[in-house]
There are 4 protein chains.
Amino acid sequence: MTLVSSLTAPTTDALLARYQAVRHQTETLCRPLLPEDTVVQPVIDVSPPKWHLAHTTWFFETFLLGQYQPGYQVFHPEYAFLFNSYYNSLGSRVNRADRGTLSRPALAEVYAYRAHVDARMQELLSRADTLPEAFWEVLELGLQHEQQHQELLVTDIKYILSTSPLAPAYLPLSSDAPEAETGPPPVAWLPVPGGVYRIGYEGPGFCFDNEHAPHETYVADFALQNRLVTNGEYLEFMRAGGYADFRYWLGEGWDLVQQQQWQAPLYWVERPEGWFRFTHHGLRPVDMAAPVTHVSFYEADAYAHWAGARLPTEPEWEIAARRFRPEAADGTFLESRSFDPQPLPATAAADQCHQLLGDAWEWTYSAYHPYPGYVRAAGALGEYNGKFMLNQLVLRGGSCATPESHIRLTYRNFFHADKRWQFTGIRLAR
Amino acid sequence: MTLVSSLTAPTTDALLARYQAVRHQTETLCRPLLPEDTVVQPVIDVSPPKWHLAHTTWFFETFLLGQYQPGYQVFHPEYAFLFNSYYNSLGSRVNRADRGTLSRPALAEVYAYRAHVDARMQELLSRADTLPEAFWEVLELGLQHEQQHQELLVTDIKYILSTSPLAPAYLPLSSDAPEAETGPPPVAWLPVPGGVYRIGYEGPGFCFDNEHAPHETYVADFALQNRLVTNGEYLEFMRAGGYADFRYWLGEGWDLVQQQQWQAPLYWVERPEGWFRFTHHGLRPVDMAAPVTHVSFYEADAYAHWAGARLPTEPEWEIAARRFRPEAADGTFLESRSFDPQPLPATAAADQCHQLLGDAWEWTYSAYHPYPGYVRAAGALGEYNGKFMLNQLVLRGGSCATPESHIRLTYRNFFHADKRWQFTGIRLAR
Amino acid sequence: MTLVSSLTAPTTDALLARYQAVRHQTETLCRPLLPEDTVVQPVIDVSPPKWHLAHTTWFFETFLLGQYQPGYQVFHPEYAFLFNSYYNSLGSRVNRADRGTLSRPALAEVYAYRAHVDARMQELLSRADTLPEAFWEVLELGLQHEQQHQELLVTDIKYILSTSPLAPAYLPLSSDAPEAETGPPPVAWLPVPGGVYRIGYEGPGFCFDNEHAPHETYVADFALQNRLVTNGEYLEFMRAGGYADFRYWLGEGWDLVQQQQWQAPLYWVERPEGWFRFTHHGLRPVDMAAPVTHVSFYEADAYAHWAGARLPTEPEWEIAARRFRPEAADGTFLESRSFDPQPLPATAAADQCHQLLGDAWEWTYSAYHPYPGYVRAAGALGEYNGKFMLNQLVLRGGSCATPESHIRLTYRNFFHADKRWQFTGIRLAR
Amino acid sequence: MTLVSSLTAPTTDALLARYQAVRHQTETLCRPLLPEDTVVQPVIDVSPPKWHLAHTTWFFETFLLGQYQPGYQVFHPEYAFLFNSYYNSLGSRVNRADRGTLSRPALAEVYAYRAHVDARMQELLSRADTLPEAFWEVLELGLQHEQQHQELLVTDIKYILSTSPLAPAYLPLSSDAPEAETGPPPVAWLPVPGGVYRIGYEGPGFCFDNEHAPHETYVADFALQNRLVTNGEYLEFMRAGGYADFRYWLGEGWDLVQQQQWQAPLYWVERPEGWFRFTHHGLRPVDMAAPVTHVSFYEADAYAHWAGARLPTEPEWEIAARRFRPEAADGTFLESRSFDPQPLPATAAADQCHQLLGDAWEWTYSAYHPYPGYVRAAGALGEYNGKFMLNQLVLRGGSCATPESHIRLTYRNFFHADKRWQFTGIRLAR
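Residues numbered from 1 in each chain as written. Chains lettered and ligands numbered in written order. Predicted model: local features only at pLDDT ≥ 70, side-chain atom pairs only at ≥ 80, totals over all residues. Heavy atoms only, no water.

As named in an unreviewed UniProt entry, chain A is Ergothioneine biosynthesis protein EgtB, taken from Hymenobacter aquaticus. The heading Pathway (unreviewed entry) in the UniProt record of chain A holds the text "Amino-acid biosynthesis; ergothioneine biosynthesis." (UniProt positions renumbered as here; feature names shortened; annotations may be inferred.)

Draft legend 1. Focus on unusual backbone geometry. Looking along the chain, the bond that leaves H212 of chain B and enters A213 of chain B is cis, with omega of -15°. Topologically, A213 of chain B is positioned in the loop between β2 (195–199) and β3 (215–219). Not every positive phi belongs to a glycine, and R337 of chain C is a case in point at roughly 55°. As for its placement among the helices and strands, R337 of chain C is situated in the loop between α9 (314–324) and β8 (361–367). According to the relative accessible area criterion, R337 of chain C is partly exposed, its value standing at 31%. (Helix = DSSP H or I, 4+ residues; strand = E, 2+ residues; numbered from the N terminus. Buried < 20%, exposed > 50% of the residue type's maximum accessible area, 1.4 Å probe, protein only.)

Draft legend 2. Fine view of the domain arrangement of chain A. Residues and elements named next belong to chain A. Segmenting chain A into domains produces domain 1 (12–162) and domain 2 (189–425). Taking the mean C-alpha position of each, domain 1 and domain 2 sit 27 Å from one another. Listed per partner, the contact involves 29 residues of domain 1 and 32 residues of domain 2. Both faces considered, domain 1 and domain 2 share a buried interface measuring about 2800 Å² in area, 61% of it formed by carbon and sulfur atoms. Looking only at domain 1, the three residues that lose the most surface to domain 2 are Y86, E151 and K158, adding up to 26% of its buried area. Across the domain 1-domain 2 interface, the total number found is one salt bridge. Linking D45 and K419 is a salt bridge whose minimum nitrogen-to-oxygen distance equals 3.0 Å. Applying the counting criterion to the domain 1 and domain 2 interface returns 18 residue pairs in polar contact (both at pLDDT 80 or more). Within the residue set of the side of domain 1 that touches domain 2, elements represented by two or more residues are α1 (12–30), α2 (49–68) and α5 (133–162). Top contributing element to the side of domain 1 that touches domain 2 by residue count: α5, with 17 residues. (Domains from an automatic or database assignment. Contact = heavy atoms within 4.5 Å. Buried area = accessible area lost by both parts, 1.4 Å probe. Salt bridge = Lys/Arg side-chain N within 4 Å of Asp/Glu carboxyl O. Polar contact = N/O pair within 3.5 Å; in protein donor to acceptor, adjacent residues only side chain to side chain.)

Draft legend 3. Structural view of the relation of the copies chain D and chain A. Of the transformation placing chain D onto chain A, the axial shift is 0.0 Å and the rotation is 180°, giving an RMSD of 0.0 Å. A rotation of that kind, with that shift, is consistent with a two-fold axis. An overlap of 100% is found between the interface residues of chain D and their copies at the interface of chain A, pointing to a shared contact surface. (Least-squares fit on C-alpha atoms with pLDDT ≥ 70 in both.)

Draft legend 4. Region of interest: the relation of the copies chain A and chain B. Of the transformation placing chain A onto chain B, the axial shift is 0.0 Å and the rotation is 180°, giving an RMSD of 0.0 Å. Looking at the interface residues of chain A, 100% of them are also at the interface in chain B, so both copies use one shared face.

Draft legend 5. Structural view of the interface of chain A and chain B. Tallying the contact residues gives 29 residues for chain A and 29 residues for chain B. Roughly 2300 Å² is buried in total at the junction of chain A and chain B, and carbon and sulfur atoms are behind 66% of that figure. The largest per-residue losses of area from chain A upon contact with chain B belong to E36, R104 and L166 of chain A, which jointly make up 30% of the total buried on that side. Where chain A touches chain B, the interface holds two salt bridges. Put simply, D37 of chain B and R104 of chain A hold a salt bridge, and the shortest N to O gap is 2.7 Å.

Draft legend 6. Spotlight on the UniProt feature "domain: DinB-like" (unreviewed entry) in chain A. Under the present numbering, the feature "domain: DinB-like" (unreviewed entry) in UniProt falls on residues 19–152 of chain A. In residues 19–152 of chain A, helix accounts for 57% and strand for 0%; the two terminal C-alpha atoms are 19 Å from one another.

Draft legend 7. A look at the side chain of D340 of chain B. Residues and elements named next belong to chain B. Here D340 shows up in the loop between α9 (314–324) and β8 (361–367). Given the relative accessible area of 12%, D340 is considered buried. At 3.2 Å, the side chain of D340 and the side chain of R277 are in polar contact. Those residues in contact with D340 that lie beyond four places of it in its chain are K158, R277, T279, T332, C400 and F423.

Draft legend 8. Representation of the pattern of salt bridges. According to the stated counting rule, one finds 92 salt bridges over all chains in the structure shown. A salt bridge links R198 of chain C to E216 of chain C; its shortest N-O distance comes to 3.0 Å. Placement of R198 of chain C in strand β2 (residues 195–199) and of E216 of chain C in strand β3 (residues 215–219) is noted, with a sequence separation of 18 residues between them. A relative accessible area of 34% means that R198 of chain C is categorised as partly exposed. The residue E316 of chain C makes a salt bridge to R310 of chain C at a minimum N-O spacing of 2.9 Å. Judged by relative accessible area, which is 30%, R310 of chain C ranks as partly exposed. Taken together, the salt bridges that share partners define one network made up of R23, E27, R114, D118 and E146 of chain A.

Draft legend 9. Layout of the interface of chain D and chain A. With 31 residues of chain D at the interface, the matching set in chain A holds 31 residues. Taken together, both faces of the contact between chain D and chain A bury some 2400 Å²; the carbon and sulfur share is 59%. One can count zero salt bridges joining chain D with chain A. Our count for the chain D to chain A interface comes out at nine residue pairs in polar contact (both at pLDDT 80 or more). Residue assignment for the side of chain D that touches chain A shows that the elements contributing at least two residues are β3 (215–219), α7 (251–260), α8 (297–306) and β8 (361–367) of chain D.

In structure tokens, the structure reads:
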């Protein structure tokens with residue numbers, strides 16, 4: 001199996017602890033929700049939290065308990081139909097657009113499903129040393145998969161709550177108010193000399209199959225900005241008429257601007273007292289020093305055009321990140337529970353590269369295609385990544401909704417160019 | 001105001017009791033639901049129960065408290081946007097198709113809204129003798145309106161629960177199992193001589209504006225069947241290839257049969273052991289002696305063609321109902337909490353006309369158009385009925401989901417020809 | 001066969017002459033067109049003229065030559081697929097929306113098809129006295145059918161030419177300019193006493209099956225206006241904000257006004273020098289004295305609301321027309337080749353009922369449903385009318401595009417409420 | 001201006017001859033068409049030939065006559081609206097989907113437009129030595145643009161004629177029947193060593209802006225097949241169940257296979273006597289030795305998966321083409337007027353790389369993105385290519401519908417992955 005790099009099996013105790021921590025983290029994220037919040041699907045991209053809770057559980061049930069636990073009986077025979085996401089190998093399933101039409105199983109039943117699977121998983125893990133390497137690999141994949149859904153939970157919860165004119169808060173704002181807007185440091189261009197570089201994941205530990213195979217690539221001389229574009233900088237683009245001038249836009253992007261009447265990033269609302277944005281803490285003033293997020297690729301690209309720059313390619317991003325990463329590690333991750341990218345302090349060193357990991361996914365102008373030497377795995381898990389390798393763009397670096405232990409410099413995320421509900425931001429290249 | 005007939009104001013106590021009874025009935029219907037069930041909108045016709053609970057409350061708040069309670073402050077300023085159904089006079093509102101995307105306000109908040117409005121309404125009713133006749137009229141309208149939504153709650157809950165492959169029961173089946181299928185009595189044709197008849201509502205008491213004005217109409221000799229078409233009779237049509245022969249169908253109906261792959265009434269499922277249907281008690285065997293329901297107008301009309309008969313017109317139905325009604329009153333209504341039409345006993349008199357009220361709405365082959373002399377009221381309540389008077393068909397007689405105190409022989413219900421989620425059935429004429 | 005009333009077979013010569021005259025009229029209408037004009041289908045309702053030319057021919061080939069001409073070989077085996085309009089009995093056919101995608105058969109081939117069928121029809125007609133009554137009936141139906149398509153040709157050609165910004169004229173305007181706008185006479189209300197009347201077609205000669213059976217109907221006292229509503233009167237409604245006030249509109253109509261941005265009847269264009277409309281002679285100033293046309297039912301109904309009146313029902317229209325018809329026959333028909341309704345002279349008698357036949361189809365507020373006693377014929381011709389009897393409204397009286405020999409007081413035309421490309425107009429009742 | 005490489009102005013006579021030759025070639029292609037064929041747009045991708053004839057003319061009128069001919073009056077003021085394709089800089093235009101609804105201007109008027117512009121262009125060219133370099137550049141662009149539309153004319157005409165069940169031939173099949181199917185030579189893999197290569201256009205002469213800037217790229221060792229995949233080889237994939245097994249397909253491709261019921265390449269039809277395909281000569285048996293065409297990217301990629309290989313990337317294709325091109329130049333181009341890719345003779349050298357130019361566009365697994373250093377030109381011509389650089393795939397090598405003088409090894413064509421109406425084929429890499 002080529003899905004993951006070879007792993008040394010950890011101790012049972014360590015693994016069980018990790019399993020429990022990841023599973024627990026998911027439930028912690030859902031705890032502030034009401035049952036009503038866990039059912040709806042306001043747009044096709046946003047799945048009901050109840051579905052995430054169950055689907056991640058179904059993954060362990062299907063790929064581990066069903067394979068390695070002798071005589072395992074599924075919790076409910078219909079759950080494979082209800083909670084399979086997209087695996088053709090595993091049969092028919094609820095149409096994706098209909099996930100939000102199902103009130104049952106109820107939230108409590110889904111938690112019972114989680115508890116049932118967790119109990120059986122703990123039994124299995126207690127005798128894990130008898131299981132083959134393939135087991136360890138899929139277990140790790142299941143945990144990484146659940147972390148991916150944690151990020152989706154954060155962004156889907158935000159979207160779900162945003163649709164109500166009541167602008168409900170997921171969590172109250174913590175009392176320690178953010179510091180004054182003194183940041184960020186000025187923009188600087190960090191140069192990278194051209195040449196042949198090696199990218200892609202190498203070494204021990206987990207990676208997704210799409211980070212393989214590591215390979216050489218050539219880039220010309222380029223420079224990358226030292227930090228993410230801020231809300232304040234993006235507002236200049238808006239004020240300069242960026243959304244009204246087709247010359248900055250790709251053709252499909254311009255069509256969307258007109259059809260969808262885009263005037264600002266997703267979640268921005270103009271009030272007499274200024275610009276606000278919907279956050280996990282309800283409607284809040286836009287922090288001009290913080291990185292802009294919830295922009296589509298089209299907006300990121302139009303901003304870059306307007307600014308006289310461009311978006312980096314995927315190899316440029318990774319090459320620069322490997323080069324500059326040691327100098328600055330100041331990202332915001334899921335574990336901070338801030339649920340918003342944070343402004344850099346004004347004192348951050350301008351000659352270092354900030355926010356490479358965390359805060360906001362960075363759109364690259366590279367298609368999500370297979371790397372040279374990429375091979376889809378056989379069986380259902382071969383559908384995990386490979387079949388999506390068209391018409392999407394690579395994003396890099398993780399966001400404030402990404403678990404810190406989940407992200408890597410070689411991590412390839414991907415979305416269609418029009419998507420805005422993730423914490424997607426902009427870093428310029430030239 | 002022409003919406004309702006002139007009413008004598010009842011005593012405050014009687015009125016308060018009636019107000020509380022109607023409001024209580026709505027909540028009783030929702031009690032078996034989980035919060036998750038109250039949020040979703042699987043198709044545009046089916047509104048979330050939470051929405052029904054709030055919208056009916058908004059009606060009293062807007063048309064009574066806002067008008068007659070001095071200094072009344074609305075419970076929440078956004079609720080007018082959230083819970084206005086279709087009144088252009090009252091401003092913009094949530095797009096109907098988006099009702100199921102809103103998880104907030106939560107169910108508990110909606111109940112708090114109901115309690116708040118009920119408390120203020122009781123204050124208002126305690127001094128009701130000081131209020132003008134218009135108040136009494138709109139109060140009655142509000143109660144009738146809430147009863148209409150009780151019927152919709154019954155049918156929408158059924159649809160919502162039906163979408164899950166778990167086939168959850170709204171209520172457990174009561175232990176007193178239905179009697180053996182010995183009914184119904186054989187079909188008989190009850191003749192009505194042609195002539196000029198008067199139809200429409202007359203006299204004291206409440207009616208909807210669409211039952212006005214009472215007027216003469218001419219019908220030729222005709223005959224009506226003594227009872228509703230049963231599931232068993234409809235199954236004969238199915239077995240005779242009714243869904244596969246375009247000759248029985250109106251053009252639009254035939255297109256739908258092909259597009260939607262209709263093979264049976266809504267909720268029917270074929271199993272190796274026979275036909276089942278989804279009910280409020282989960283999946284149950286089809287009772288062949290019970291009236292067929294959940295058929296569209298197209299299916300009702302095709303069945304009639306196949307049977308060598310036709311559907312009655314609206315005047316025919318009312319004329320016959322007024323003529324035969326005294327002889328038999330054996331319908332099933334909401335209050336029975338059976339949530340399904342019931343078979344007639346085999347011993348029911350074949351020469352009487354059964355099930356005219358209750359059990360199943362009866363499709364007529366009459367368009368829902370204004371009666372001669374119909375006038376839309378001024379103001380927002382003029383939008384209650386009048387603007388829908390096109391491209392829908394009249395149904396008569398109420399169903400097992402209709403409150404018994406709500407239905408009348410002159411009552412005009414209306415749906416588009418393709419709708420199947422109401423308890424709609426068939427009575428033949430010739 | 002119940003499609004047509006019993007006919008006395010005319011002499012062969014007379015019939016042949018009539019056949020040739022009708023067929024020739026169709027080709028005369030198409031003569032000013034370029035081949036390019038005969039292919040396109042700018043909206044689904046508008047069929048390519050080439051299709052009309054072929055479909056009417058296919059009707060004779062299929063229902064007469066194929067039935068009564070021994071050994072007849074079809075002109076081309078694919079034409080049944082290409083030129084069947086909607087007869088399920090006759091198998092599959094080109095999707096209606098795709099008629100405008102077919103450049104072949106070319107126009108010249110279609111004319112060759114017409115010539116071929118005409119030659120064989122003349123052979124058949126020369127021995128017509130040997131043929132059964134059913135032959136005569138279907139022949140008459142074929143001729144009436146072709147006349148219906150002549151009207152559609154006129155309106156479809158208008159729509160096709162209108163889509164080009166070049167505003168090309170179908171025909172040059174004749175030199176005899178219309179007289180000055182002195183008409184029409186003032187509006188007058190012509191009363192009709194209530195009672196039981198008989199409507200529907202009776203007697204010898206042809207009628208469509210939907211005019212059967214003649215039957216009694218009751219109407220209350222009512223009055224009908226003495227003439228059609230004019231463009232000038234309709235402009236008053238526009239200027240009074242008629243298109244901006246939802247209170248005048250049915251719900252579906254108001255939705256359309258918003259979606260389609262309707263501000264005026266179809267084909268109206270506002271220029272600095274006033275209102276113009278596209279006609280068969282290109283863009284022309286709106287003649288304020290002429291009847292308004294190209295309005296949907298929704299617009300007609302909203303106009304009536306605004307004017308404090310209403311649209312007549314179908315029985316009212318026919319009863320009044322039978323009563324008043326003898327007094328005035330001043331309509332404009334296809335044969336005038338004016339292709340536009342004409343203003344009444346100011347001197348027309350105000351106490352007579354004008355324009356009942358010709359000029360503009362008059363929307364009634366009656367659904368197109370079967371008359372009592374209506375029976376669909378067996379076989380393919382049973383699909384001619386019956387399967388369309390839902391969700392459409394009856395229009396009466398014919399228009400300036402209707403052949404004069406084709407129209408009758410009992411003639412039932414029908415369109416969906418949103419259609420505007422026919423010459424549809426307004427007569428008020430109260 | 002960066003659109004084209006610097007050009008030495010040729011002599012007036014040579015240039016005039018070339019202008020006339022290109023313009024004449026377009027009209028030659030349209031000569032076999034009937035006026036009816038030039039109007040329709042059966043799907044949005046396929047423009048009416050009449051539109052191509054006018055749009056290419058509008059290009060010269062707008063970008064040359066309007067700029068360089070003093071006092072030039074446009075032929076018709078509405079033509080800019082009618083025949084602008086997608087230039088936002090030049091104002092509003094007919095919705096692309098509506099091109100096939102316009103019967104006017106008629107074909108003859110469009111030819112008159114061409115003659116008018118050609119006459120004025122010849123005047124302008126006669127004094128061309130007085131015009132600036134920018135003129136020469138745009139003139140060359142206009143001629144290359146017209147050649148692009150010649151290819152589209154060939155493919156659009158094919159699609160248009162294919163929609164009729166009459167399967168009309170654009171041209172009769174020439175008498176010299178194709179030789180017996182003895183080809184092609186066996187497949188061979190031609191290896192290319194990895195390393196840094198330079199790709200993109202360099203040197204004098206014309207290229208499109210998207211071929212700039214020339215730049216280095218790194219590829220690993222790879223091999224390319226010596227020829228295109230044949231119909232016979234593709235049929236093996238079909239017979240092996242290729243269209244029924246999701247494992248070979250990208251996710252979006254599999255969805256399309258199901259929705260569109262794809263079972264074979266576009267234009268293939270199965271008959272009892274075997275597989276046929278619609279061609280410019282009507283329906284013809286599939287030549288198993290000829291290259292497969294009219295496959296989408298999804299089909300090309302699925303075929304490659306099934307065959308245990310993959311599609312080349314764009315750099316691989318160009319690097320290999322530059323390396324192997326000298327050895328074999330045996331492509332079929334527009335000038336051959338065969339309108340179909342031709343089989344290689346069995347005697348073709350297996351160790352050479354055949355059909356790199358001509359016959360069929362070769363899908364690459366590379367997104368159509370800007371090259372490093374690409375800059376959009378200012379002004380309307382900056383919209384020529386740059387705004388389409390997303391969500392499309394690069395195709396290389398030209399086809400049997402490409403003018404031979406138009407294609408180059410560096411030429412970048414691009415289409416969406418689902419398109420099948422171009423002559424698109426498959427060459428494998430590994």
